[in-house]
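Spelled out, the chains give:
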Amino acid sequence: MTGLIKMIFGSRNDREVKRLKPFVSQINETETGLQKLSDDELRAKTAAWKEELAKIEDKDELAQKLLEILPEAFAVVKNACRRLLGQEITVRGQPVKWEMIPFDVQLIGGIAQHQGKITEMATGEGKTLVATMPVYLNALTGRGVHVVTVNDYLAARDAEWMGAIYKFLGLTVGVILHDQPPRVRREQYACDITYGTNAEFGFDYLRDNGMATRKEDQVQRGHYFAIVDEVDSILIDEARTPLIISGPSVHTHDEQFAQWKPLVESLVRAQQQLCNRFLADAEALMKKLRPTDGSNVQDADALEREIGMLLFRVKTGQPKSEALMKILENPENAGLMNRAELELHKDQKKVDLYREKEELLFAMDEKSQEADLTEKGRNFVSPKDPDAFVLPDLTTQLHDVDAGPETDARKRLEAKTKLQADFEAKAQKIHAITTLLKAYSLYQIDVEYVIQENKVIIVDQHTGRLMPGRRWSDGLHQAVEAKEGVAIERETQTLATITIQNYFRLYQKLAGMTGTAETEATEFLDIYKLGVVTIPTNKPNIRKDSHDSIYKTRREKFNAVVQEIKTLHALGRPILVGTVSVETSEMLSRMLKREGLIHSVLNAKYHQQEAEIVARAGQRGAVTIATNMAGRGTDIKLGPGVADVGGLHVLGTERHEARRIDRQLRGRCSRQGDPGSSHFFISLEDDLMRLFGSDRIVKMMEKIGFEEGDELKHPWLNRSIQSAQKKVEQHNFQQRKRTLEYDDVMNKHRGVVYDFRNEIINGEDVRDRLMDIMEEVVVEKVLEFTNTDTEHGEWKMRQLADWVNLNFPLGMPEAEILKAAESGKETPVAGSLFDGLSPAQFAVVNFISEKVRNAYDIKISFENPDALKEVERFTILSAIDRLWQEHLYEMDSLRYSIGLRGYGQRDPLVEYKAEAFKMFDELMVNVKTQICNNIFRSASSMLAFENFLRNVPQQTLHQTASAFGGGTATASTGGAQPKASDVVSEAAAAQEAKGKPVRTGPKVGRNDPCPCGSGKKYKQCCGR
Ligand SMILES: Nc1ncnc2c1ncn2[C@@H]1O[C@H](COP(=O)(O)OP(=O)(O)OP(=O)(O)O)[C@@H](O)[C@H]1O
Ligand SMILES: [Mg+2]
């Protein structure tokens, strides 16, 4: 930050802090008055306020009232602290004596938090206590306040430690811990104040809204106010990866990859031989084209063309061929190949292009990452039946069945189901083979991925870093696993997900605190609308920060580190050594052992144990090695006599990517005005220096003749390193922003779906909603099969009747629908659901809906009313959940494929938004259709179901057969109140969905919904 900006920033900040000062005197005066009260009188204030605030519903009125009582409420907390002085509290099994009464700066921090800001208060300034004041004040509303910490240990510690105040004043405190069952969580959320980690809060939200099927299973009770401790760590570092609940994927067929591997290997070998031949031919022609004896060349043009074609063929067949790469190093050859490619693509019909491809066994397209078997290839893999690898034209086949002579709707359904199954089996086979081809032809070991500990690990193509845990989608990762012969891992699929950013945006009010927020102030404001206020320290900070020491190599650096540890240790000073990774910690530990230095090592895995070790790091002579992240938020108190020898020394062994992480490390010492010092060691081999360090540093070092073993220290260098860090921070911010822009699209979808779900979960009676949905779908279907401007005779009556009869037990003959259409006279009311229907269509809709309602009334009469309610709820929820999870899967694939499409002229985000919008529209239609399909396929018991079937209108049993005739539905025969999940007939639903009549165009477009009724795009489903 430049001096000028700092001056402006500083003064604005000062003004802001100054504005809060009058509050402070008011609080302190009030607190003096409170000292006269008895404990009970003080406590009585809580109850009185709670009662008063509970009556206020209006948001603004509530905020106004809170502001009014703020000084007194803060004074009450301060006074409670005074009354607790000297008391012993058990915190995480250890006795802790209470000795805190909030300082004035702490009061200021608390006010800023109530105003929804982030308070930057240096490490060790007592932020844990600061939060209690705004927490108390806001908890008085009874709406629940959440305090968010970075790990379970801190959540439990703070709930117990600060719980002393809340309990004294008559509020309840809860804590959410990882292994609690839902019942316990509910109780914790019901408390006035709840501590927990961001992950627990976020996952509970996802489970409540995306998975719970009953009100009783939901644990949270809203998002009123949250204070986030270590806010930079949570809202910035953690925010890089979204929260995801996943389960086994229904989309992969793991066995297929292993099964087809040998065949694909021989295919790849055969192609290689083929390509070698083409290359040999090309080289022979090159000799002719460029004779060494200087003789005349005939037909140079034709030769050039032929060479170009041969090279292009190899590129299509074996894109990563080394021999080809070598030939292409000669720009002339590359030119010939590109010219050939251009020529082939010029022709609109691409006849020549296809002919060229047919010379190969399979063709690869590097840009679109697609692989295709050619005729030759199909003959190679399946000489007896080359058609085994051709996808049939399903739409036409299905259409043929519909238009065919078969009059029995059920038999037509069976025929279509079989066609569907054959199609899918083929599609899977083809998908497995082409994916394997991609794995063999486009993905190279040690370039795109490496193998470590029997796992395929992706290499980031921009940074060269490994990305463990990340997997390629759509079976590609598994194909590469099959290729390398390592264990093929089961694909998982996202069941529910939200980014940290979007979770925290749910809160009506948000605030935060940390020792290090200032460097990220822009991001906090941009993404979370959180301002940052820097609060001065209570006592001046007297830490001595040395300039960074720079070395040429890591080895020299670590030798110097060990030297400094030895020197300071001899003086009796405790030393905390920070590292960037567990490996470094361990290496350093080995070096210290060799020197005979006793020390402790900790990494970020065991929070409680770690906190205890870090807490002891201030004792005389202690040497503690910790990763930079370890021990955040734990307090280090100096042991006896340590202040006299200079306090705790913090030694950094590398600069972190982000400046604030370094500041956190430094902040472990010189807390509450203690003495202390810090010193960072750097080498030119460190990641930060290698990847982002400016060349200027290196050049300057060369200029001054920097030698092995030399140490360099200069304020100018500190600045260069900081600017390297700033660059990385910027880059990371952009990336997080990008991720968020993508998630915002999904966030809208999630909002709609979760609202829909909650409406169903909370609704007393969902039957009306169910019937509404049915009616909406009937309108859609009538519109699909009928037409306003043709004669009724030309309507697709049979398809409409089929659809009706396959979904509802009505046995409705085509003729009756026609009759209804002909009787239609009424025009629907403008603006209603039926607006736009012709009188004939309107009459048909009414006729069908009416019949469905009647049938449903019959069904109700055989049901246990309470159980039916549950069944209805479940019918709707299960349709939403299944298709929503599908949608998440597709959005994942969409995101991935947009990434591959390359940028071209268009912004991928815009394309993503456009496609996502369409997909969401389809999703909502599909959900409703699916719900409709299930209305009659669920019952609360087998008996109810059978009784109902026996009593549906007579014609069902013989007239046009319905899908219900065969009694495909299953129902539970269990106890009196069966669980809803037992009674819905999934089998029937699934079968029906597949057999659903499809539209009758001759061909399905790649972006059209798949005719199988899965609700996915054709290309992402059967068409891939
Ligand atoms: N008003 C006070 N009076 C006396 N001691 C206090 C007061 N406030 C805080 N402390 C002490 O200061 C130490 C640090 O407190 P705490 O851990 O809350 O700091 P922090 O700001 O959260 O630090 P970090 O950034 O490391 O998380 C604790 O030992 C605490 O007891
Ligand atoms: Mg803290």
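In this text the structure is predicted, and so the values were computed from the model without any measurement.

Novice: Could you clarify how one ought to interpret the packing of helix α21 (residues 554–570) against helix α22 (residues 582–594) in this entry?
Specialist: Helices that pack against each other are described as a pair by the angle of their axes relative to one another and the distance between those axes. Relative orientation of the contacting elements α21 and α22 amounts to 60°, with a least axis distance of 11 Å. Classified by the angle their axes make, α21 and α22 are oblique. Between α21 and α22 the crossing geometry is right-handed. Of the residues in α22, those touching α21 at R554, F558, N559, V561, V562 and I565 are T584, M587, L588, M591 and L592. By residue class, the composition of the contact of α21 with α22 is eight nonpolar, two polar and one charged.

Novice: Got a minute to help me understand the site of ligand 1 in this structure?
Specialist: Around ligand 1 sit 22 residues, and of these G124, K127, T128, D635 and K637 come closest. One nitrogen or oxygen atom from the main chain of E125 is found 3.3 Å from an oxygen atom belonging to ligand 1. In this structure, an oxygen atom belonging to ligand 1 sits 3.1 Å away from a main-chain N or O atom of G126. About the coverage of ligand 1: the protein hides 92% of its 640 Å² of free accessible area. The element contributing the most residues to the shell around ligand 1 is helix α5 (residues 127–139), with three residues.

Novice: Help me out: how do you make sense of the nonpolar core in this one?
Specialist: Side chains of nonpolar character tend, in soluble globular proteins, to be buried together. Ranked by internal contacts, the top residues of the largest apolar core, which has 98 residues, are L235, F504, F524, Y528, F756, F808 and I848. When residues in this core are grouped by element, the largest group, twelve residues, is from helix α32 (residues 865–900). Those residues in contact with F524, other than ones at most four positions away along the chain, are I118, V231, D232, L235, I236, A517, K529, L530 and V532. Counting 63 residues, the second-largest nonpolar core is a separate cluster that includes L20, V24, F74 and V533.

Novice: Which parts of the structure should I look at to understand the sheet that holds strand β11 (residues 449–452)?
Specialist: The strands that make up a sheet pair up through hydrogen bonds in the backbone, lying either parallel or antiparallel. Taking strand neighbours across the sheet as the criterion, the three strands line up as β11-β12-β13 in an open arrangement whose pairing is antiparallel. Looking at which strands have only one partner, the edges of the open sheet turn out to be β11 and β13 (466–467). Pairing geometry for strand β12 (residues 455–459) and β13, over two bridges, is antiparallel. Its bridge partner being in β13, V459 is matched across the sheet by L466.

Novice: How should the packing of aromatic side chains be read in this particular structure?
Specialist: What characterises a pair of aromatic rings is the spacing of the ring centres plus the angle enclosed by the ring planes. All told, the structure shown has 16 aromatic pairs when counted by the stated rule. Consider the rings of F504 and Y507, whose centres lie 5.9 Å apart with planes at 20°: the pair is stacked. Judged by relative accessible area, which is 1%, F504 ranks as buried. When the centroid spacing of 6.4 Å and the interplanar angle of 10° are considered together, the rings of Y551 and F681 count as stacked. Of this pair, Y551 sits in strand β18 (residues 549–551) while F681 sits in strand β23 (residues 675–683), and the two are 130 residues apart along the sequence. When sorted by exposure, Y551 lands in the same class as F681, which is buried. One aromatic cluster in this structure is built from Y205, Y503, F504, Y507, Y754 and W884. A cation over a ring is seen here: R313 above F278, with NZ or CZ 4.7 Å from the ring centre.

Novice: Explain the sheet that holds strand β6 (residues 193–197) here, please?
Specialist: Spatially, the seven strands line up as an open sheet ordered β5-β6-β4-β7-β15-β3-β16, and their pairing is parallel. Two strands in the sheet have a free side with no partner beyond their single neighbour: β5 (173–175) and β16 (532–534). Adjacent strand axes in the sheet meet at a mean angle of 20°, parallel and antiparallel pairs treated alike. Two elements, strand β4 (residues 145–149) and β6, share five bridges in a ladder whose sense is parallel. Paired with T149 across the two strands is T197, which belongs to β6. In this fold helix α7 (residues 182–190) packs onto β4, β5 and β6, with an angle of close to 125° to the strand it touches most, β6.

Novice: Would you mind showing me how to read the pattern of salt bridges here?
Specialist: Counted by the stated rule, this structure contains 53 salt bridges. Here R157 makes a salt bridge to D158, at a shortest N to O gap of 2.7 Å. Here the two residues R157 and D158 agree in accessibility, since each one is buried. When salt bridges that share partners are traced, they join R185, E200, D204 and R207 into one network.

Criteria and thresholds
Residues numbered from 1 in each chain as written. Chains lettered and ligands numbered in written order. Predicted model: local features only at pLDDT ≥ 70, side-chain atom pairs only at ≥ 80, totals over all residues. Heavy atoms only, no water. Axes fitted to C-alpha atoms, helices over the stretch in contact; angles between N-to-C directions. Helix = DSSP H or I, 4+ residues; strand = E, 2+ residues; numbered from the N terminus. Parallel < 35°, antiparallel > 145°, perpendicular 65-115°, else oblique. Left-handed = near helix turned anticlockwise from the far one by under 90°. Contact = heavy atoms within 4.5 Å. Nonpolar A, V, L, I, M, F, W, Y, C, P; charged D, E, K, R; others polar. Near = heavy atom within 4 Å. Polar contact = N/O pair within 3.5 Å; in protein donor to acceptor, adjacent residues only side chain to side chain. Areas by Shrake-Rupley, 256 points an atom, 1.4 Å probe, with all protein chains shown as cover. Core = buried A, V, L, I, M, F, W, Y, C linked by side-chain atoms within 4.5 Å. Buried < 20%, exposed > 50% of the residue type's maximum accessible area, 1.4 Å probe, protein only. Pairing = 2+ DSSP bridges. Phe/Tyr/Trp six-rings, centres within 6.5 Å; stacked < 30°, edge-to-face > 60°. Lys NZ or Arg CZ within 6 Å of the ring centre and 35° of its normal. Salt bridge = Lys/Arg side-chain N within 4 Å of Asp/Glu carboxyl O.

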